[in-house]
Amino acid sequence: REGEQEETEPGYRWLRTELRKEFEAFLDVTTKYYSYIEEAKAQNPDFKPNDPTFGQLYGAFSSVWRKRMLHADVAGYGKTTQEIVAAIMDELVNGRRPTIVFGPNSAKEVWEAEVKKNHPRGDVLVVNSYDPATLGGMQGRDFVVMNYEAAGMPVTRKKVIPVLRR
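The sections below set out a description of the structure shown in this document. Here the structure is a predicted model, which means the values were calculated and not measured.

Conventions adopted
Once a new chain begins, its residue numbering starts again from 1 and follows that chain's sequence as written. Restriction of local features to residues with pLDDT of at least 70 applies here, the model being predicted, together with a cutoff of 80 or more for giving and counting side-chain atom pairs; totals for whole chains, interfaces and linings are based on all residues. As a convention, hydrogens and water are excluded, and side-chain values are obtained from all of the structure's heavy atoms. Labels follow the DSSP assignment, with helices taken as runs of H or I lasting at least four residues and strands as runs of E lasting at least two, numbered in each case from the N terminus. In this description, contact between two residues means that some pair of their heavy atoms is separated by no more than 4.5 Å. Exposure was quantified through the Shrake-Rupley algorithm and a 1.4 Å probe, taking into account, for residues, occlusion by the shown protein chains and nothing else. To estimate how far a helix should reach, multiply one less than its number of residues by 1.5 Å. When accessible area is computed with a 1.4 Å probe and restricted to protein chains, residues below 20% of their type maximum are described as buried, those above 50% as exposed, and intermediate ones as partly exposed. Aromatic rings from Phe, Tyr and Trp, taking only the six-membered ring of Trp, are treated as a pair when their centres fall within 6.5 Å; an angle between ring planes under 30 degrees marks them as stacked, one over 60 as edge-to-face, and anything in between as tilted. In this description, a line fitted to the C-alpha atoms serves as the axis of each element, helices being fitted only across the stretch in contact, and the angle between N-to-C directions of two axes falls anywhere from 0 to 180 degrees. Should an angle fall under 35 degrees it is called roughly parallel, over 145 degrees roughly antiparallel, and 65 to 115 degrees roughly perpendicular, with every other angle called oblique. Left-handed is the label given to a crossing in which the near helix is rotated counterclockwise from the far helix by less than a right angle, and right-handed is the label when the rotation is clockwise. We call Asp, Glu, Lys and Arg charged. Ala, Val, Leu, Ile, Met, Phe, Trp, Tyr, Cys and Pro are nonpolar, and the rest, Gly among them, are polar. Put simply, a nonpolar core is a bunch of buried Ala, Val, Leu, Ile, Met, Phe, Trp, Tyr and Cys residues held in one set by side-chain atoms that sit within 4.5 Å of each other. Within this analysis, patches are made of residues with over 30% relative accessible area and no salt bridge. Like charges are joined at 9 Å or less; nonpolar side chains (Val, Leu, Ile, Met, Phe, Trp, Tyr) at 5 Å or less. The term salt bridge refers to a pairing of a side-chain nitrogen on Lys or Arg with a carboxyl oxygen on Asp or Glu at a separation within 4 Å. Pairs of N or O atoms within 3.5 Å make up the polar contacts considered here, provided that, within protein, one atom can donate a hydrogen while the other can accept it, and that residues adjacent in sequence are counted only when both atoms are side-chain atoms.

### What to know about the overall build of the protein chain
Logical step 1: Each helix and strand counted, the protein chain has six helices and four strands in total.
Logical step 2: Listed by position from the N terminus, the elements making up the protein chain come as α-α-α-α-β-α-β-α-β-β.
Logical step 3: Sequence-distant contacts in the protein chain: of pairs separated by 6 or more residues, those separated by 24 or more amount to 63%.
Logical step 4: Here the protein chain displays about 10,500 Å² of accessible surface, and carbon together with sulfur accounts for 54% of that area.

Given below as structure tokens:
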């Protein structure tokens, strides 16, 4: 009888309703993602993206669902793949817009290669220096990858800026 009382409390009903909405949205967005990827594979047999883990799928979905996320895992845990999946999900839900990646110089080539491997269009602009003409080429791109200097920001070792969307 104690469980029955908990189920009738307004907070419990609200939480159950919110979790159900989130789970249904997760299934919907994940289904759209896999349909999009399968269609891209059918059109281009050379397209062989990484298969994201459940954690990467849910993390990608969470950043789209909650509209913000700080992603700070250890190196090698699949952040790049997860953020590419998140960008695709965001496009399927909210329409196409660029994902801007700020990182150290050493990460730019990795991001470029991963975007080309895991995104059907593979449309990435790597910015190597602060040049308004180059920055103007961001329009219509899926990903823009740059280091801090190329963005015209001062570099400090204590400040790390992760992937930004929106």
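### Here we look at helix H4 (residues 79–94)
Within an α-helix, residues lying three or four positions from one another point in the same direction, as the helix has 3.6 residues per turn.
Logical step 1: Compared with an ideal rise of 1.5 Å per residue, which puts 16 residues at 22 Å, H4 spans 21 Å between its outermost C-alpha atoms and is within 8% of the ideal.
Logical step 2: Among the 16 residues in H4, 12 count as buried, and that is most of the element.
Logical step 3: The complete set of buried residues in H4 reads Thr80, Thr81, Gln82, Glu83, Ile84, Val85, Ala86, Ala87, Ile88, Met89, Asp90 and Glu91.
Logical step 4: Just downstream of H4, Gly95 is the residue with a positive phi angle, here 95°.

### Side note on the packing of aromatic side chains
Logical step 1: Under the counting rule described, the total for this entry stands at eight aromatic pairs.
Logical step 2: Between Phe54 and Tyr58, the aromatic rings sit 6.4 Å apart at their centres with planes inclined by 15°, giving stacked as the arrangement. Taken together, the residues span about one helical turn, with Phe54 and Tyr58 both in helix H3 (residues 54–65) at a distance of four residues.
Logical step 3: Phe54 sits in the exposed class, given a relative accessible area of 59%.
Logical step 4: The exposure class assigned to Tyr58 is partly exposed, which follows from its relative accessible area of 30%.
Logical step 5: Taken together through their ring pairs, the aromatic side chains of Phe26, Phe54, Tyr58, Phe61 and Trp65 make up a single cluster.

### Considering H3
Logical step 1: With 12 residues, H3 extends 16 Å from end C-alpha to end C-alpha; this agrees with the ideal 16 Å at 1.5 Å per step.
Logical step 2: Considered for burial, the residues of H3 that qualify are Gln56, Leu57, Gly59, Ala60, Phe61, Ser62, Ser63 and Val64.
Logical step 3: Looking one or two residues beyond H3, the residue adopting positive phi is Lys67, at roughly 65°.

### Thoughts on the packing of H4 against helix H5 (residues 105–118)
Logical step 1: Running from N to C, H4 and H5 cross one another at 50°; their axes reach a closest spacing of 10 Å. Accordingly, the angle class assigned to the pair H4 and H5 is oblique. For the element pair H4 and H5, the recorded crossing hand is right-handed. Contacts between H4 and H5 involve Thr80, Thr81, Glu83, Ile84 and Ile88 from the former and Trp111, Glu114, Val115 and Asn118 from the latter.
Logical step 2: Among the residues forming the contact of H4 with H5, the class breakdown is four nonpolar, three polar and two charged.

### Considerations on the nonpolar core
Logical step 1: Counting residues in each nonpolar core, the largest one holds 24 residues, and the members touching the most others are Tyr33, Met89, Trp111 and Phe143.
Logical step 2: Those elements that provide at least two residues to this core are helix H2 (10–43), H3, H4, H5 and strand S3 (143–146).
Logical step 3: In terms of nonpolar packing, the next biggest core, distinct from the first, is built from eight residues, Phe102, Val127, Met138 and Tyr148 among them.

### What about a nonpolar patch on the surface?
Logical step 1: On the surface, Trp14, Leu15 and Leu19 cluster together into a nonpolar patch covering about 340 Å² of accessible area.
Logical step 2: Judged by relative accessible area, Trp14 falls into the exposed class, the value being 55%.

### Concerning the environment of Glu114
Logical step 1: Tracing the chain through its elements places Glu114 in helix H5.
Logical step 2: Measuring from C-alpha to C-alpha, the distance between Glu114 and Asn50 comes to 9.1 Å, with 64 residues separating the pair along the chain.
Logical step 3: Apart from the residues lying within four places of it in its own chain, the contact partners of Glu114 are Asn50, Thr80, Thr81, Ile84 and His119.
Logical step 4: Polar side-chain contacts of Glu114 include one of 3.5 Å to the side chain of Asn50.

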